[in-house]
Amino acid sequence: MEDDPQLLEDLQTWMRNSSPLAPTKAVGGDDDILVPLATVKEIVGLGKTKIYDLMKRGQFPPAYKPGGAATRWNLREVRAWRANLQRLRRPS
């Protein structure tokens, strides 16, 4: 999908127009997509249990349930969370 920008654009348009969980604002960019747990784990370097624990405490972006048993996270939110964590860990 990364190699086909038109497919990605079509998917984002479908998500904005069809999904009840779609963002309400007009958005764009490759990072405004929903990604699975495996991708989230790779980005943040945490395991499933820790991610869900942080979510429960309100310290991690919430998951979306686009349908069935699927659970997804907004890539932009996950990347922002990681960037904020890195910013806080930098020595002053």
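Got a minute to help me understand the side chain of T71 in this structure?
By the element assignment, T71 lies in strand β3 (residues 70-74). One polar contact links T71 to K65, side chain to side chain, over a distance of 2.9 Å. With near-sequence residues (within four places) excluded, T71 lies in contact with V35, P36, L37, Y52, A63, Y64 and K65.

Where do I start with the packing of helix α2 (residues 37-44) against helix α4 (residues 75-89) in this structure?
For any two helices packed against each other, the geometry comes down to the angle between their axes and how far apart the axes lie. In the contact formed by α2 and α4, the axes pass within 10 Å of each other and the chain directions differ by 20 degrees. On the basis of their axis angle, the class for α2 and α4 is roughly parallel. In the crossing of α2 with α4, the sense of the turn from one axis to the other is right-handed. Residues V40, I43 and V44 of α2 pack against L75, V78, W81 and R82 of α4. Considered class by class, the residues forming the contact of α2 with α4 number six nonpolar, no polar and one charged.

Parameters at a glance
- Throughout this document, residue positions are counted from 1 along each chain, in the order its sequence is written.
- Only residues with pLDDT of 70 or above have their local features reported here, since the model is predicted, and side-chain atom pairs are shown and tallied only from 80 upward, although totals for entire chains, interfaces and linings are computed over all residues.
- With hydrogens and water excluded, all non-hydrogen atoms of the structure serve as input to the side-chain values.
- In this text, helices come from DSSP runs of H or I with a minimum length of four residues, and strands from runs of E with a minimum of two, each type numbered from the N-terminal end.
- Between N or O atoms, a polar contact is any pair within 3.5 Å; within protein, one atom must be a potential hydrogen donor and the other a potential acceptor, and residues adjacent in sequence are included only when both atoms are from side chains.
- Contacts are assigned to residue pairs that have any heavy atoms within 4.5 Å of one another.
- For helices, the fitted axis covers only the stretch in contact; all axes are lines through C-alpha atoms, and the angles between them, taken along N-to-C directions, range from 0 to 180 degrees.
- An angle below 35 degrees is read as roughly parallel, one above 145 as roughly antiparallel, one from 65 to 115 as roughly perpendicular, and any other as oblique.
- Here a crossing is taken to be left-handed if its near helix is turned anticlockwise relative to the far helix by less than a right angle, and right-handed if that turn runs clockwise.
- When residues are grouped by polarity, Ala, Val, Leu, Ile, Met, Phe, Trp, Tyr, Cys and Pro land in nonpolar, Asp, Glu, Lys and Arg in charged, and all others, Gly among them, in polar.

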